[in-house]
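# Secondary and tertiary structure notes
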Amino acid sequence: MNIVKMDASHISQIAEIEKNTFSAPWSEVSLKRELDNDLACYFVAEDEGEVLAYGGMWLVVTEAQITNIAVREDKRRQGLGTLILKKLLEEAKQRYMMGVTLEVRVSNEKALSLYTKNGFVSEGVRKNYYEDNEDAYIMWHYFTDPESEAVGI
Ligand SMILES: CC(C)(COP(=O)(O)OP(=O)(O)OC[C@H]1O[C@@H](n2cnc3c(N)ncnc32)[C@H](O)[C@@H]1OP(=O)(O)O)[C@@H](O)C(=O)NCCC(=O)NCCS
C-alpha cells in the first residue's frame, strides 16, 4: 500500500467511493477539475491500482481546508483514515499553513472521533450547512497558536 498524489488514473474509483459514501457525492467532472486546481492537494492510499482511501484540501493563503476524506467501505477501521489525515496535516505544515480546518456533520461520530484524536477542536457550528439541513461543526487543527500571534499586533 502506498500513499501517492491523486492523478487521473484514480478519478473513476474515487467517484465510485464518493457515490457509495456521501448523499451529495463529488462527480468525476468535479474531481477531474481538482487536478488542474493549483490550490488543491489530494492524496490516495492505493494498493496494486486499487484506491482504498483518499483525502484532499485547498491551501488558501495560510489556511488549509479539507474538502473530503473517505475510506472504501470494506477497508474502514484499519487505520487508513488516520494515515490520509496525517498525510494532509504533514503536507499543510510543510507548506507553512497556520492550521487546517474542516466541516463535519454533527452526527458523524466516527469522523468526529478521528478528528479529535488527531488534534482538531470544534470552534463553532454552521447551522443547516448540509442539503438536508443538518448542522456542521467547524473544526480546526492549529500549527501555531492563533492567540499568541494576535499578541504581536
Ligand atoms: C471517517 C472515516 C474516514 C474513518 O476512516 P477509518 O480508516 O475507518 O478510520 P481509522 O481506522 O483510521 O480510525 C481512526 C479513529 O476513527 C474513529 N473511528 C473510525 N471508525 C469508527 C467506528 N466504526 N466507530 C467508532 N469510531 C470509529 C476511532 O476513533 C478510530 O480510532 P480507534 O480505531 O483507535 O478507535 C471512515 O469511516 C469513512 O470513510 N467514513 C465515511 C466518509 C466520512 O464520513 N468522511 C468524513 C467526512 S467529514
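Report follows, based on the coordinates.

Scoring rules and cut-offs
- Residues numbered from 1 in each chain as written.
- Predicted model: local features only at pLDDT ≥ 70, side-chain atom pairs only at ≥ 80, totals over all residues.
- Heavy atoms only, no water.
- Helix = DSSP H or I, 4+ residues; strand = E, 2+ residues; numbered from the N terminus.
- Rg over C-alpha atoms; globule rule 2.2 N^0.38 Å.
- Buried < 20%, exposed > 50% of the residue type's maximum accessible area, 1.4 Å probe, protein only.
- Contact = heavy atoms within 4.5 Å.
- Areas by Shrake-Rupley, 256 points an atom, 1.4 Å probe, with all protein chains shown as cover.
- Pairing = 2+ DSSP bridges.
- Axes fitted to C-alpha atoms, helices over the stretch in contact; angles between N-to-C directions.
- Core = buried A, V, L, I, M, F, W, Y, C linked by side-chain atoms within 4.5 Å.
- Salt bridge = Lys/Arg side-chain N within 4 Å of Asp/Glu carboxyl O.
- Near = heavy atom within 4 Å.
- Polar contact = N/O pair within 3.5 Å; in protein donor to acceptor, adjacent residues only side chain to side chain.
- Nonpolar A, V, L, I, M, F, W, Y, C, P; charged D, E, K, R; others polar.

### Comments concerning the overall build of the protein chain
Scanning the protein chain for helices and strands turns up five helices and seven strands. Counted from the first residue to the last, the protein chain has its helices and strands arranged as β-α-α-β-β-β-α-β-α-β-β-α. Expected size for 153 residues packed as a compact globule is a radius of gyration near 15 Å; at 16 Å, the protein chain falls within 12% of this value. By principal-axis analysis of the C-alpha atoms, the protein chain measures approximately 50 × 35 × 30 Å. Counting across all 153 residues of the protein chain, residues that qualify as buried make up 38%. Long-range contacts, defined here as pairs at least 24 residues apart, represent 59% of the contacts in the protein chain between residues at least 6 apart. Here the protein chain displays about 9,000 Å² of accessible surface, and carbon together with sulfur accounts for 48% of that area.

### Observations regarding the pairing of strand E2 (residues 40-47)
Most of E2 sits inside the fold, with six of its eight residues counted as buried. Summarising the sheet, strand E1 (residues 2-5) and E2 pair through four bridges and their orientation is antiparallel. Each bridged residue has a counterpart across the sheet, and for Val-4 the counterpart in E2 is Val-44. In sequence, E2 turns back onto strand E3 (residues 50-60) through a hairpin of two residues, with Glu-48 there showing a positive phi of about 45°.

### A closer look at the sheet that holds strand E7 (residues 136-142)
An order of E1-E2-E3-E4-E5-E7-E6 is seen for the seven strands of this open sheet, with the pairing classed as mixed. Looking at the sheet topology across the chains shown, the edges are occupied by E1 and strand E6 (121-126). Pairwise comparison of adjacent strand axes, ignoring direction, gives a mean angle of 25° for this sheet. Across the sheet, helix H3 (residues 80-94) lies against E1, E2, E3, strand E4 (63-71), strand E5 (99-105) and E7, angled at about 30° from E3, the strand it touches most.

### Concerning the nonpolar core
Formed by 27 residues in total, the largest nonpolar core has its most connected members in Met-57, Ile-66, Leu-85, Tyr-115 and Phe-120. Elements with a minimum of two residues in this core: E2, E3, E4, H3, E5 and helix H4 (109-117). Here the element with the most residues in this core is H3; it accounts for six residues. The contacts of Phe-120, once residues within four sequence positions are left out, are Ile-66, Leu-85, Leu-89, Val-100, Leu-102, Tyr-115, Met-139, Trp-140 and His-141. Core analysis: the second largest hydrophobic core is formed by twelve residues, Met-6, Ile-11, Ile-14 and Ala-40 among them.

### Some details on the pattern of salt bridges
In total, this model carries ten salt bridges according to the counting rule given. Residue Glu-91 is joined to Arg-95 by a salt bridge in which the shortest nitrogen-to-oxygen separation is 2.9 Å.

### Some remarks on the site of the ligand
Near the ligand there are 21 residues, and of these Arg-77, Gly-81, Thr-82, Asn-108 and Ser-113 occur at the shortest range. A distance of 2.7 Å separates an oxygen atom of the ligand from a polar backbone atom of Gly-81. In isolation the ligand exposes 920 Å². Once the protein is present, 76% of that is buried. Looking at the shell around the ligand, the elements with two or more residues in it are E4, H3, E5 and H4. The biggest single contributor to the shell around the ligand is H4, with six residues. When grouped by side-chain class, the residues that make up the shell around the ligand number nine nonpolar, seven polar and five charged.

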